[in-house]
Amino acid sequence: MQENDVISLVGVGDVYPRREDPESLFALTAPILREADICFGQLETNFSDKGNPQLHLLAHSRSAAAVAQAGLARR
């Protein structure tokens, strides 16, 4: 890396993508998140298709794809 190179860092607060259309949560911010060299957020749930979402604060595994697509997780 050269001295004048720039690395962009984007951080977001608590992320809880538990909704019918999890992609909509990042509709306005995904372009910014994806452009960052380093992007992170505090995930406030677990992803699972099993268990009782009301008791275990689970988000459907479909939400994991929305988080990755928004740029908060790299594959």
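Preceding block: the structure.
Residues numbered from 1 in each chain as written. Predicted model: local features only at pLDDT ≥ 70, side-chain atom pairs only at ≥ 80, totals over all residues. Heavy atoms only, no water.

1. Examining the environment of Gln 69
Working step 1: Structurally, Gln 69 can be placed in helix α3 (residues 62-70).
Working step 2: Separated by 36 residues in the primary sequence, Gln 69 and Leu 33 place their C-alpha atoms 9.6 Å from one another.
Working step 3: Setting aside residues no more than four positions away along its own chain, Gln 69 makes contact with Glu 23 and Arg 34. (Helix = DSSP H or I, 4+ residues; strand = E, 2+ residues; numbered from the N terminus. Contact = heavy atoms within 4.5 Å.)

2. A look at α3
Working step 1: Within the span of α3, buried status applies to Ser 63, Ala 66, Val 67, Ala 68 and Ala 70.
Working step 2: Remark: Gly 71 follows α3 within two positions and exhibits a positive phi of approximately 105 degrees. (Buried < 20%, exposed > 50% of the residue type's maximum accessible area, 1.4 Å probe, protein only.)

3. Considering the environment of Pro 31
Working step 1: The residue Pro 31 is located in helix α1 (residues 30-35) in this model.
Working step 2: By relative accessible area, which is 40% here, Pro 31 ends up partly exposed.
Working step 3: Along the primary structure Pro 31 and Gly 71 are separated by 40 residues, whereas in three dimensions their C-alpha atoms are 8.2 Å apart.

4. Things to note about the pairing of strand β1 (residues 9-15)
When a strand is regular, its side chains alternate between the sheet's two faces.
Working step 1: Bridge analysis of β1 against strand β2 (residues 38-43) gives five bridges, and the strand direction is parallel. In the strand pairing of β2, Leu 9 is matched with Ile 38. (Pairing = 2+ DSSP bridges.)

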